[in-house]
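# Fold and contact review
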Amino acid sequence: MAKGYWIARVDVRDAERYKDYVAAAKPAFERYGAKFLARGGPFQPLEGEARGRNVVIEFPSIQAAVDCYNSPEYQRAAAIRQEVADAEMVVVEGV
């Protein structure tokens, strides 16, 4: 079974409140087997508009990645994130 990956590009507007999002999202990530491959840090823009934070999260399957996003636990966290950051997120299937 192919793994699933979240790819998120984020501009954080309120770094202190973003910490609340990170804490609130943790139970969902643990429940669905998330493994962080990239979580912020330095990056090099190559094409298009860059955002300040880039995240790649591996899940056991694409279904687990989608289920994590749709879970009540993550949706509570997402509500916080949406108040304090602008983001683009996609789920992709691994090869």
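Preceding block: the structure.
Criteria and thresholds
Residues numbered from 1 in each chain as written. Predicted model: local features only at pLDDT ≥ 70, side-chain atom pairs only at ≥ 80, totals over all residues. Heavy atoms only, no water. Core = buried A, V, L, I, M, F, W, Y, C linked by side-chain atoms within 4.5 Å. Buried < 20%, exposed > 50% of the residue type's maximum accessible area, 1.4 Å probe, protein only. Helix = DSSP H or I, 4+ residues; strand = E, 2+ residues; numbered from the N terminus. Contact = heavy atoms within 4.5 Å. Axes fitted to C-alpha atoms, helices over the stretch in contact; angles between N-to-C directions. Nonpolar A, V, L, I, M, F, W, Y, C, P; charged D, E, K, R; others polar. Salt bridge = Lys/Arg side-chain N within 4 Å of Asp/Glu carboxyl O. Polar contact = N/O pair within 3.5 Å; in protein donor to acceptor, adjacent residues only side chain to side chain. Phe/Tyr/Trp six-rings, centres within 6.5 Å; stacked < 30°, edge-to-face > 60°.

### Re the nonpolar core
- By size, the foremost hydrophobic cluster in this structure holds 21 residues, and its most contacted members are W6, Y21, F29, F59, C68 and Y74.
- Of all elements in the fold, only β1 (4-12), α1 (15-31), β3 (53-59), α2 (62-70) and α3 (72-84) reach the threshold of two or more residues within this core.
- If near-sequence neighbours (up to four positions away) are discounted, W6 is found in contact with F29, V55, V56, I57, F59, A65, C68, Y69, Y74, M89, V90 and V91.

### Section: the packing of α2 against α3
- For the pair α2 and α3, interaxial distance at closest approach is 5 Å and the crossing angle is 65°. For the pair formed by α2 and α3, the contact residues are C68, Y69 and N70 on the first element and P72, Y74, Q75, R81 and Q82 on the second.
- Here the contact of α2 with α3 is built from residues that sort into 4 nonpolar, 3 polar and 1 charged.

### Description of the pattern of salt bridges
- The full count for this structure, using the stated rule, is 10 salt bridges.
- The partner of D11 in a salt bridge is R51, and the shortest N-O contact between them spans 3.1 Å. Here the residue D11 occupies a position in strand β1, and R51 occupies one in the loop between β2 (35-39) and β3, the gap between them amounting to 40 residues.
- The exposure class of D11 is partly exposed, given its relative accessible area of 29%.
- A salt bridge links D20 to R17; its shortest N-O distance comes to 3.6 Å. In this pair, D20 and R17 are both assigned in helix α1, 3 residues apart and thus about one turn of the helix distant.

### A look at the side chain of E58
- The residue E58 is located in strand β3 in this model.
- A polar atom in the side chain of E58 sits 3.3 Å from the side chain of K3.

### What to know about the packing of aromatic side chains
- For the coordinates displayed, the defined rule picks out 9 aromatic pairs.
- Ring geometry for W6 and Y69: centres 6.0 Å apart, planes at 70°, overall edge-to-face. One end of the pair, W6, is in strand β1; the other, Y69, is in helix α2, with 63 residues separating them in the sequence.
- On the basis of relative accessible area, Y69 is assigned to the partly exposed category, the value being 28%.

### Description of the environment of V56
- Relative to the helices and strands, V56 is located in strand β3.
- Between the C-alpha atom of V56 and that of S71, which follows or precedes it by 15 residues, the distance is 19 Å.
- Among all residues touching V56, those that are not within four sequence positions of it are Y5, W6, K35, F36, L37 and A38.

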